[in-house]
Amino acid sequence: QIESIRDENLQLQAELARALLERDQAIETRDDMLSTMDQQPAGAADARGQARAEQPDCRAPSEKLKERLRDGHWTLCRQGGGHPVYKRTVVLQDATETTVQVFSHASTASDWRSMHNALSDLRAKDNGVLTAMPLADGVQPALFVRR
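Residues numbered from 1 in each chain as written. Predicted model: local features only at pLDDT ≥ 70, side-chain atom pairs only at ≥ 80, totals over all residues. Heavy atoms only, no water.

(A) How the structure looks around the pattern of salt bridges. One pass over the full model with this rule turns up 7 salt bridges. Of the charged contacts in the structure, one is a salt bridge between Arg59 and Glu67, with a shortest N-O distance of 2.4 Å. Here Glu67 falls in the partly exposed class, since its relative accessible area comes to 26%. Across the pair Arg88 and Asp126 runs a salt bridge whose closest N-O atoms are separated by 2.8 Å. With Arg88 in strand E2 (residues 85-92) and Asp126 in the loop between helix H3 (114-125) and strand E4 (129-133), the pair connects residues that are 38 residues apart, well separated along the chain. (Salt bridge = Lys/Arg side-chain N within 4 Å of Asp/Glu carboxyl O. Buried < 20%, exposed > 50% of the residue type's maximum accessible area, 1.4 Å probe, protein only. Helix = DSSP H or I, 4+ residues; strand = E, 2+ residues; numbered from the N terminus.)

Below, the structure written as structure tokens:
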């Protein structure tokens, strides 16, 4: 019985050695492919003949929303009732004076799409905007921009 256990142990050790060798070869092949891809000039095709795509933006929607608010010159005006309200002054196409835009969203998400929907609403506010500027002290009178 000891002999059979010893033989089985030797067989298992041989299988383990083969599996480790296959794993090491696979890792080496993967590393070679990755280094080849890194050495290709920009716009060159990858190993499958497809152009390398841009990496998607994997940040949380709330982080994207904060960045979009900051880049769009939105000013937080109030947040007392749970819905933060942002305002900014914009110059719209074919307008003779500036306009104040207002944007708000729920501070607590009702479902997983609410931040995505807020981002979509915020993008819609940029349609037709020539220039955006933050409010001065929360209130800014309309400025005449052309005749």
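(B) Up close: the pairing of strand E3 (residues 99-104). As judged from the 6 bridges shared by E2 and E3, these two strands associate in the antiparallel manner. What sits directly across from Val90, in E3, is Thr99. Adjacent in sequence and paired antiparallel, E2 and E3 are bridged by 6 residues, among which Asp94 carries a positive phi angle near 60°. (Pairing = 2+ DSSP bridges.)

(C) Quick peek at unusual backbone geometry. For His73, which is not a glycine, the phi torsion comes out positive at approximately 65°. Note on placement: His73 falls in the loop between helix H2 (61-71) and strand E1 (75-78).

(D) Spatial organisation of H3. The end-to-end C-alpha separation of H3 is 17 Å, in line with the 16 Å expected for 12 residues at 1.5 Å each. Against H2 and E3 lie the buried residues of H3. (Expected span 1.5 Å × (residues − 1). Contact = heavy atoms within 4.5 Å.)

(E) Fine view of the packing of H2 against H3. For the pair H2 and H3, interaxial distance at closest approach is 9 Å and the crossing angle is 20°. Compared by their axis directions, H2 and H3 come out roughly parallel. Where H2 crosses over H3, the handedness of that crossing is left-handed. When H2 is examined against H3, the residues Pro61, Ser62, Lys64, Leu65, Arg68 and Leu69 are found in contact with a partner set consisting of Met115, His116, Ala118, Leu119, Leu122 and Arg123. Each residue belonging to the contact of H2 with H3 can be placed in one class, and the counts come to 7 nonpolar, 2 polar and 3 charged. (Axes fitted to C-alpha atoms, helices over the stretch in contact; angles between N-to-C directions. Parallel < 35°, antiparallel > 145°, perpendicular 65-115°, else oblique. Left-handed = near helix turned anticlockwise from the far one by under 90°. Nonpolar A, V, L, I, M, F, W, Y, C, P; charged D, E, K, R; others polar.)

(F) Spotlight on the pairing of E2. Within E2, 6 of the 8 residues are buried, leaving the element largely enclosed by the surrounding structure. Between E1 and E2, which pair antiparallel in sequence order, lie 6 residues; one of them, Gly82, sits at a positive phi of approximately 100°. As judged from the 4 bridges shared by E2 and E4, these two strands associate in the antiparallel manner. Counterpart to Leu92 in the pairing with E4 is Val129.

(G) Representation of the side chain of Gln101 in the model. Along the chain, Gln101 turns up in strand E3. Look at Gln101 and you get buried, because its relative accessible area is 12%. For Gln101, the side chain forms a polar contact with the main-chain oxygen of Lys125, separated by 3.1 Å. With near-sequence residues (within four places) excluded, Gln101 lies in contact with Trp74, Tyr86, Lys87, Arg88, Val90, Leu92, Lys125 and Val129. (Polar contact = N/O pair within 3.5 Å; in protein donor to acceptor, adjacent residues only side chain to side chain.)

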